[in-house]
Amino acid sequence: MSLLKAIIFISFLSFFSCQNQSSPSTYPESPSINGKYYDGQITVINIFEAYEKVFLQSPFERGIYVIDTSSTDPIKLTEIMSGTDLKLTKLLWKDNQLMGFNYRGKSFSRTVKKDIPIEKMIQGDLQSGLSSLKELNTLDFKEIEETAFEVLTRLPSLTHVAVSLFELCVKQNPNNPQLWYGLARSKMVLDDRPGARTAFLKALDLGYKGDENLKDDLAILDQKQVIPAAFSWSPDELFRAPEPTEIQKVKEEWENRDLSPSKVEVEFKKQVTNNGFSGTLQIVSYQFRGNKSYGAIFLPSNPKGKLLPAIVEAKGIDWRYSWCNLNYRPKWSRYLDENANDFIYLVPAYQGEGLIYEEEVFRSEGSPKDGWDGATDDFLAFTNVAINLLGSQIDTSRLIAAGDSRGGTVALLAGIRDSRFDMVINWAGPLDWFQLMDAYNGRTLKEEVIRAINEKLPPNTGTPGQFVDWYLSEPSAFSKEGLRQVRTKMIASSPLYFLEELPAKVMIHYGKEDLSVPIQNGHMLAEKLTALGRNTPNFQYYFHDNIGHNLNPYTAVRTSVQFIKDFCLENE
């Protein structure tokens, strides 16, 4: 796999000292390793310091690598989210400064160049970047091809760069069907559908057989998609923009919903020290809509008996409807560090999902498929359970709804529907299920859902299959009346149409390279809230460069924690 550039202008401070060794391939005293490193062709990487850690990053790889500053030769790297390990070897030093190393089988040297071809292209100067590439006597077109596919599959914001690289490659090797396919896919992502169709046909003409979805792409491009006759409505009817009357109907339905729990019981209670938290864990059961449901309350030791703010943690979703493992919760106590015990933490288990703690398991009854609007009902019902159970221990004027991915959407919806929430923190939550969740492969969500219906795609195939599971899995959904019910559920799962009801304090984070929740969700949310008069410090938004769905845990955590402290602990 080719390693590619990262352009991150973050100042680097000298860090740590270690035992002086004479070998030039180990750390000297007070080393400096910050800087940009170049392989002489197309690959650039950056080493930088932030939040008291040292990182190596390339946007064309998955994630960010933390450098183990206690290692010598080789220097060890660990990817933050996945835990994948890599190494820097054959270290070259000069005057305590790292001048070069080997990484992924390639040699890199420190550079101060500002005219590296790939940097020019990423900064928008495509033609100059391409000209610079062509001027390199040692130009490796195989590496350019690998780079183009890396951009295509990992960096939606730089697809225009992939197009330029593929066009350069097909001129060099016009009979390579793989390159024509890559060019077609890139043009599809950029919504150049005529260009994509031409390139797809060229790939087929040259014998390309590598992607079963190519015929689906051509059917989309030729507007030949249909859905089974069993459906009494068209996809256009499903995905047309919500009307004011439909939105009002959802509001009225929310107002009339009964979110009152009954038969509340403490099923499990234990003193725990977990993720920075020290206090009591209670697993609580309650009846809600005829089902037995569960939630966890982490109540910190509170010797002064003061009222404590509460963070209600909304978990994400996957095709398995995975359970919440309390051995790694509450995660916000870990983030808050020295202030961990200044908060109560509430963790609901949505219907059909469950909680795990050590050897104990607690499964909420019901179906998990109503995983957005229905999950918000569960979230609010358990908040009611906790408030009633904790009484004077919880400060209901300082309630925080926080979550990432599906949890971010639930946090937004909870803040919209329940005025007791004083703050909402949303990391990468879908905002709208009608216009903003188009697939990264260049197809609209409508086109992908048609494919999922026709091919009976299971949920583990990604968003299209999951969408069908959430909204269209019941036979009643095939009818006209069913269509109205499906659209009502989609609207109720889309915070976009109710943003004026959000509390004043809102923070959002989105990754610019998110392949699951497109960045336009974040842009639209920021735009709409700004238009509603929201501004700093109460409203803050962050769009993270070179980051996908798994947000940079350091940037997102630090800013979110400071946001919470500023508003929830400022008077203590």
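Chemist: Help me understand a nonpolar patch on the surface in this model?
Modeler: A cluster of nonpolar side chains, Val264, Val266 and Leu389, forms an exposed patch at the surface whose accessible area comes to about 210 Å². Looking at where Val264 falls in the secondary structure, it is placed in strand β9 (residues 262-274).

Chemist: Is there a simple way to explain the sheet that holds strand β18 (residues 421-427) in this structure?
Modeler: Two pairing modes exist for strands in a sheet, parallel and antiparallel, and in both the strands are linked by backbone hydrogen bonds. Pairing within the open sheet is mixed, and its nine strands lie in the order β9-β10-β11-β14-β12-β17-β18-β19-β20. The sheet is open, and its two borders are formed by β9 and β20 (539-544), each paired with just one other strand. Taking the axes of each pair of neighbouring strands and ignoring which way they run, one obtains an average angle of 15° across the sheet. Of the strand pairs in this sheet, strand β11 (residues 291-300) and strand β14 (residues 344-349) are connected by five bridges, and their pairing is antiparallel.

Chemist: Would you mind going over the environment of Ala504 with me for this structure?
Modeler: Within the secondary structure, Ala504 is located in the loop between α15 (480-492) and β19 (505-511). Sequence separation of Ala504 and Asp318 is 186 residues, and the distance between their C-alpha atoms is 30 Å. Contact partners of Ala504, with chain neighbours within four places excluded, come to Arg534, Asn538 and Phe539.

Chemist: Looking at this structure, I do not really get helix α4 (residues 159-172). What am I missing?
Modeler: Helical geometry note: an α-helix holds 3.6 residues per turn, so side chains three or four residues apart project in the same direction. Relative to the 20 Å expected for 14 residues at 1.5 Å per residue, α4 spans 20 Å between its end C-alpha atoms, a close match to the ideal helical length. Counting buried residues along α4, 10 of its 14 residues qualify, which places the element largely inside the surrounding structure. Thr159, Val161, Ala162, Val163, Ser164, Leu165, Phe166, Leu168, Cys169 and Val170 are the residues of α4 that are buried.

Chemist: Can you walk me through the packing of aromatic side chains in this structure?
Modeler: Any aromatic ring pair is given by two values, namely how distant the centres are and how the planes are angled relative to each other. Counted according to the given criterion, the structure contains 31 aromatic pairs. Summarising the aromatic geometry, the rings of Tyr181 and Tyr208 are spaced 4.5 Å apart at their centres and angled 10° between planes, so their arrangement reads as stacked. Placement of the pair is Tyr181 in helix α5 (residues 177-189) and Tyr208 in the loop between α6 (193-205) and α7 (214-221), with a sequence separation of 27 residues. On the basis of relative accessible area, Tyr181 is assigned to the buried category, the value being 8%. Residue class for Tyr208 comes out buried when judged on its relative accessible area of 10%. Taken together, a centroid distance of 6.1 Å and an interplanar angle of 25° make the contact between Tyr286 and Phe382 stacked. With Tyr286 in strand β10 (residues 277-288) and Phe382 in helix α11 (residues 373-390), this pair connects stretches of sequence that are 96 residues apart. Each member of the pair, Tyr286 as well as Phe382, is classed as buried. Every member of this aromatic cluster is reached through a ring pair, and the members are Phe239, Trp372, Trp433, Phe467, Trp470 and Tyr471.

Chemist: Would you mind showing me how to read the confidence of the model for the protein chain here?
Modeler: Keep in mind that low pLDDT regions are not for reading the predicted coordinates in detail. Within the protein chain, residue pLDDT values average 87, and 92% of them lie at 70 or more. Note on residues 1-27: pLDDT under 50 across the span, and 93 contacts to partners over four residues away in sequence or across chains.

Chemist: Is there a simple way to think about α6 in this case?
Modeler: With 13 residues, α6 should cover 18 Å at 1.5 Å per step; its first-to-last C-alpha distance of 18 Å lies within 8% of that length. Taken residue by residue, α6 has Gly195, Ala196, Ala199, Phe200 and Ala203 as its buried positions. Down the axis of α6, the sector holding all buried residues measures 130°, keeping them to one side. In α6, those exposed residues whose orientation departs by more than 90 degrees from the buried face are Pro194, Thr198 and Asp205. Taken together, the buried residues of α6 touch α5 and α7. Taking the backbone nitrogen of Gly195 as reference, a side-chain oxygen 3.0 Å away marks Asp192 as the first, capping residue of α6.

Chemist: Sorry if this is basic, but what is going on with the environment of Ala203 here?
Modeler: Relative to the helices and strands, Ala203 resides in helix α6. Residue Ala203 is classed as buried on the basis of its relative accessible area, which comes to 0%. Sequence spacing of Ala203 and Gln178 is 25 residues, and the spatial spacing of their C-alpha atoms is 6.9 Å. Non-local contacts of Ala203, meaning those with residues more than four positions away in its chain, are made with Pro177, Trp180, Tyr181 and Tyr208.

Chemist: Would you mind going over the side chain of Thr559 with me for this structure?
Modeler: One can find Thr559 in helix α17 (residues 553-568). We classify Thr559 as buried; its relative accessible area is 16%. Thr559 has contacts with Met507, His509 and Tyr542, leaving out every residue within four places of it along the chain.

Chemist: What am I meant to see in the environment of Leu56 here?
Modeler: By the secondary structure assignment, Leu56 is in strand β3 (residues 53-57). Here Leu56 falls in the buried class, since its relative accessible area comes to 0%. When near neighbours in sequence (up to four residues on either side) are disregarded, Leu56 contacts Ile45, Asn46, Ile47, Ile64, Tyr65, Ile67, Leu77, Leu88 and Tyr103.

Chemist: How should the pairing of strand β15 (residues 354-357) be read in this particular structure?
Modeler: Residues in a regular strand point their side chains to alternate faces of the sheet. Two elements, strand β13 (residues 324-325) and β15, share two bridges in a ladder whose sense is parallel. Note that in β15 the partner of Asn325 across the bridge is Ile356. In the sheet, β15 pairs with strand β16 (residues 360-363) via four bridges, with the strands oriented antiparallel. Counted as the bridge partner of Tyr357 is Glu360 from β16.

Chemist: Looking at this model, I keep getting lost on the sheet that holds strand β6 (residues 85-94). Mind explaining?
Modeler: The strand order β1-β2-β3-β4-β5-β6-β7-β8 describes a closed barrel built from eight strands, whose pairing is antiparallel. Neighbour-to-neighbour, the strand axes of this sheet turn through a mean angle of 30°, independent of strand direction. The sheet contact formed by β6 and strand β7 (residues 97-103) spans four bridges and is antiparallel. Bridging across to β7, Thr89 finds its partner in Asn102.

Quick notes on the rules
Residues numbered from 1 in each chain as written. Predicted model: local features only at pLDDT ≥ 70, side-chain atom pairs only at ≥ 80, totals over all residues. Heavy atoms only, no water. Patch = residues over 30% accessible without salt bridge, like charges linked within 9 Å, V, L, I, M, F, W, Y side chains within 5 Å. Areas by Shrake-Rupley, 256 points an atom, 1.4 Å probe, with all protein chains shown as cover. Salt bridge = Lys/Arg side-chain N within 4 Å of Asp/Glu carboxyl O. Helix = DSSP H or I, 4+ residues; strand = E, 2+ residues; numbered from the N terminus. Pairing = 2+ DSSP bridges. Axes fitted to C-alpha atoms, helices over the stretch in contact; angles between N-to-C directions. Contact = heavy atoms within 4.5 Å. Expected span 1.5 Å × (residues − 1). Buried < 20%, exposed > 50% of the residue type's maximum accessible area, 1.4 Å probe, protein only. Phe/Tyr/Trp six-rings, centres within 6.5 Å; stacked < 30°, edge-to-face > 60°. pLDDT = per-residue confidence, 0-100. Arc of directions from axis to C-beta. Polar contact = N/O pair within 3.5 Å; in protein donor to acceptor, adjacent residues only side chain to side chain.

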